[in-house]
Amino acid sequence: MPAPAIHLEHLSKTYLVPEREAGAGAALRSLFHRRMQAVNAVADLSFDLAPGEIVGFLGPNGAGKTTSLKMLAGLLHPSGGECRVLGHVPWAREREFLRQITLVMGQRNQLVWDIPAADSFELNRAIYRLAPADYRRTLDELTGLLELGPLLRKPVRNLSLGERMKCEIAAALLHRPQVVFLDEPTIGLDVTMQRRIRAFLEEYNRRSGATILLTSHYMADVEALCKRVVVIHHGRLLFDGNLSDLLQKFSATKTIVVQLEDCVADLHQFGEVVDCEDGRFTLRIPKADTAHVTERLLTSLPVIDLLVEDPPIDEVIDRVFNLAPDVDGSSPEEHG
């Protein structure tokens with residue numbers, strides 16, 4: 001069995017944050033007697049990623065996702081625990097480690113604003129000491145996959161958000177990293193551009209075998225790319241497993257979409273009616289009642305079509321967060 005590409009064991013990060021009451025007096029006192037509060041951004045986080053895996057890293061704002069990615073990329077030192085990425089300790093910042101990883105943050109720019117993207121790419125070629133032939137081959141491949149041809153000679157400030165994000169991703173992959181950390185890579189992009197970025201990442205993973213750890217608030221990104229998800233809240237691990245298992249474990253309801261010959265029937269007797277349009281009803285029902293409700297619908301109504309689905313993943317993720325460990329240390333499983 002190959003060694004994991006990424007290994008975390010009891011990883012934690014605690015910040016000391018100054019705090020004081022409002023007012024001039026409190027401000028003056030804080031000059032001499034500063035009070036500090038310990039904030040656990042990441043607490044006792046453990047999981048492994050196999051080479052070539054694409055894993056969704058999920059959690060609400062403030063859950064510790066970006067802090068975790070920064071420790072994995074070597075930008076932050078942890079307060080405790082161990083971590084290995086491709087066998088390296090990230091915060092040692094060894095040259096061989098840096099040549100094999102990349103971090104793409106959707107809200108941060110690495111391209112120089114006033115020069116063409118192609119010039120920033122040349123700068124990255126020099127930084128990573130890429131052979132000209134290898135660089136040209138990789139750039140041509142990325143240009144084809146991301147449709148960058150018309151963009152390379154434009155100043156970055158003249159690119160749209162979607163165009164700039166494609167160039168940012170290309171710049172981060174020019175040295176062909178084997179581990180890719182993606183922090184909200186599609187944030188702010190329209191649906192079409194999100195779809196293109198997802199298709200590119202899937203193809204890049206297929207061609208390169210790179211391990212990808214992805215954070216995103218767009219569940220469509222996760223559903224399209226990730227079979228496995230790691231869910232954290234308040235810096236603690238809530239779930240690690242297949243996305244389908246997450247839906248099965250934390251979804252208390254099913255969605256039934258039923259098409260009728262008309263929209264005159266009252267379906268509230270079958271479950272919660274979420275939507276009705278042109279004879280097409282969407283019902284939310286308890287999971288345990290699925291078979292019984294489906295049978296009743298088919299036998300008592302003029303059904304044209306019927307589809308049983310899991311609820312949207314957004315709803316399931318919200319439920320996981322709502323069942324997050326309380327201060328007493330109880331777990332989601334103990335609540336539901």
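Before reading on, note that the structure itself is shown above.
The shown structure was predicted, so the numbers you read here are calculated from the model rather than taken from an experiment.

Asks: Account for the overall build of the protein chain, with residues named and values stated.
Replies: When helices and strands are tallied, the protein chain shows twelve helices and 13 strands. Across its three principal directions, the C-alpha atoms of the protein chain cover 70 × 60 × 50 Å. For the protein chain, the residues scored as buried account for 45% of the 336 residues in total. Of the accessible surface of the protein chain, which amounts to about 17300 Å², a share of 50% is contributed by carbon and sulfur atoms. Taking the average place of the 37 positive charges on the side chains of the protein chain and the average place of its 46 negative ones, the gap between the two points comes to 11 Å.

Asks: Let's hear about the pairing of strand S8 (residues 228–233): which residues, and what values?
Replies: When you tally the buried positions in S8, you get six out of six residues, the bulk of the element. Across the two faces of S8 the burial is the same, with Arg228, Val230 and Ile232 and Val229, Val231 and His233 all buried. Relative to S8, strand S3 (residues 54–58) runs parallel, the two being bridged by four bridges. From the neighbouring strand, Val55 faces S8, where its bridge partner is Arg228. Taken together, the six bridges between S8 and strand S9 (residues 236–242) define a ladder with antiparallel strand orientation. Across the sheet, the residue bridging to Val231 is Phe239, located in S9. Between the end of S8 and the start of S9, which pair antiparallel, lie two residues, with His234 showing a positive phi angle near 55 degrees.

Conventions we followed
By convention here, each chain's residues receive numbers from 1 onward along its written sequence. Under the rules for a predicted model, residues below a pLDDT of 70 receive no local features and side-chain atom pairs below 80 are neither given nor counted, while totals for whole chains, interfaces and linings still include all residues. Processing note: side-chain calculations cover all non-hydrogen atoms of the structure and skip hydrogens and water entirely. Think of it this way: any DSSP run of H or I at least four residues long counts as a helix, any run of E at least two long counts as a strand, and we number them from the N terminus. Relative accessibility decides the category of a residue: with a 1.4 Å probe and only protein chains considered, values under 20% of the type maximum give buried, values over 50% give exposed, and everything between is partly exposed. Residue exposure ignores everything except the shown protein chains as possible cover, and the areas themselves are Shrake-Rupley values with a 1.4 Å probe. Note on charges: Lys and Arg go in the positive column, Asp and Glu in the negative column, and His and the chain ends are not counted at all. For the purpose of locating charges, the reference atoms are NZ of Lys, CZ of Arg, CG of Asp and CD of Glu. Two strands qualify as a pair provided that DSSP identifies no fewer than 2 bridges between them.

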